[in-house]
Amino acid sequence: MRIIIANWKMNLLSKDIDGFCAACVAEYKAKPGVEAGIAPPSIYLKDVKTKLGNCGVKVFAQNAYFEAKGAFTGEIAMAQLKDIGCDGVLLGHSERRHIFGETNAALVKKVKAAREHDLLPVLCIGETLAERDGGKMFEVLREQLAVLKETGPGALVVAYEPVWAIGTGRVATVEQVREVHAFVAEELKRLLGEAGAEVPIQYGGSVTPDNFSELIQVPHVSGGLVGGAALDPAKFLKLVQQAQ
Ligand code: PGA
């Protein structure tokens, strides 16, 4: 399966959402084997879900908490995401890890909680430039993927997003993507057995329609997690088409 997700991060307002969803309803044509999704800020999830109607584009949260309910001011439960019709949730995005201190230990619980509520978890991994330059890239990625040793197999997408390529306009080269995606695919098999071979591995980091047609051809690249370019519905729909 291939999967393209628009990660809006903390961008856009209601007025922008109307046009974006209308473009999806008018132009998105589902094709077998390729999923498309939008991850808006959580306050717009329900609105986006309603406006997309049954056009086939899925809705993802950008984060959620692992506890079922209770005194956790400011957090959102997986059950609440499911309740409003959400399809999945991004987990461990580098901005969550680096700005908000998300840990691998919390991610184990979050992946499990998402699965318990039938939400597709998208586990984001990626090294910083210092880690890559310092020869620690594989070690860091192995540690981030080790979350899956504790969760075991189940519904899952992995998104490889080198931190230095996110929002910088500096996309990873085809050779860099090839090397890391082959590594991630091997790790997934080692950790999850045969089920590991079924896990889609997205690339993310300065993806645009100009570079994506080449990236999507790289072995073990099965989609994209897209920030900046996916704030524009025309570009998002173009990326989906390229994956199809
Ligand atoms: P970008 O963001 O496409 O703007 O680099 C990707 C992401 O962080 O998911």
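Just above sits the structure.
Note that the structure is predicted; figures quoted are calculated from it, not measured.

**Student:** Could you clarify how one ought to interpret the sheet that holds strand β4 (residues 88-91) in this entry?
**Tutor:** The parallel closed barrel is built from 8 strands, whose spatial order is β1-β2-β3-β4-β5-β6-β7-β8. Strand-to-strand twist in this sheet, taken as the mean axis angle between neighbours without regard to direction, amounts to 25°. Note: strand β6 (residues 157-160) against strand β7 (residues 201-204), 3 bridges, orientation parallel. The partner of Y160 across the bridge, within β7, is Y203.

**Student:** Hey, could you run me through the packing of helix α1 (residues 14-27) against helix α11 (residues 233-243) in this one?
**Tutor:** A pair of packed helices can be characterised by two numbers: the angle between their axes and the separation between those axes. Contact geometry of α1 with α11 gives a least axis separation of 9 Å together with a crossing angle of 35°. Considering only the axes of α1 and α11, their crossing is right-handed. Where α1 abuts α11, its residues F20, A23, C24 and E27 lie against P233, F236 and L237. Residues of the contact of α1 with α11, tallied by class, amount to 6 nonpolar, no polar and 1 charged.

**Student:** In this structure, what is going on with the pairing of strand β1 (residues 2-7)? I would like to understand it.
**Tutor:** Along any regular strand, the residues point their side chains to alternate faces of the sheet. Within β1, 5 of the 6 residues are buried, which leaves the element mostly enclosed by the surrounding structure. Summarising the sheet, β1 and strand β2 (residues 34-39) pair through 6 bridges and their orientation is parallel. Across the sheet, N7 pairs through a bridge with A39, a residue of β2. Handedness of the crossover joining β1 and β2 through α1 is recorded here as right-handed. In this sheet, strand β8 (residues 223-226) lies alongside β1 in parallel orientation, the contact comprising 4 bridges. When the bridges of β8 are listed, I5 appears paired with L225.

**Student:** Would you explain the site of the ligand in this entry?
**Tutor:** Residues in contact with the ligand amount to 13 residues; listed here are only the nearest, K9, H93, E161, G167 and S206. Note that an oxygen atom of the ligand is positioned 2.7 Å from one of the side-chain N or O atoms of E161. Measuring from an oxygen atom of the ligand, one finds a backbone N or O atom of S206 at 2.7 Å. Expressed as a share of its isolated accessible area of 280 Å², the protein-covered part of the ligand is 96%. A breakdown of the residues in the shell around the ligand according to their chemical character gives 4 nonpolar, 7 polar and 2 charged.

**Student:** Help me out: how do you make sense of unusual backbone geometry in this one?
**Tutor:** Backbone geometry follows two general trends: most residues other than glycine have a negative phi, and most peptide bonds adopt the trans configuration. For K9, which is not a glycine, the phi torsion comes out positive at approximately 50°. By the secondary structure assignment, K9 is in the loop between β1 and α1. Positive phi, close to 70°, is recorded for H220, a residue that is not glycine. Its location among the elements puts H220 in the loop between α10 (209-215) and β8. Note on H220: relative accessible area 45%, which makes it partly exposed.

The rules behind these values
- Residues numbered from 1 in each chain as written.
- Predicted model: local features only at pLDDT ≥ 70, side-chain atom pairs only at ≥ 80, totals over all residues.
- Heavy atoms only, no water.
- Pairing = 2+ DSSP bridges.
- Helix = DSSP H or I, 4+ residues; strand = E, 2+ residues; numbered from the N terminus.
- Axes fitted to C-alpha atoms, helices over the stretch in contact; angles between N-to-C directions.
- Left-handed = near helix turned anticlockwise from the far one by under 90°.
- Contact = heavy atoms within 4.5 Å.
- Nonpolar A, V, L, I, M, F, W, Y, C, P; charged D, E, K, R; others polar.
- Buried < 20%, exposed > 50% of the residue type's maximum accessible area, 1.4 Å probe, protein only.
- Right-handed = clockwise from strand over helix to strand, strands pointing away.
- Near = heavy atom within 4 Å.
- Polar contact = N/O pair within 3.5 Å; in protein donor to acceptor, adjacent residues only side chain to side chain.
- Areas by Shrake-Rupley, 256 points an atom, 1.4 Å probe, with all protein chains shown as cover.

Distances and angles like these do not, on their own, reveal function.
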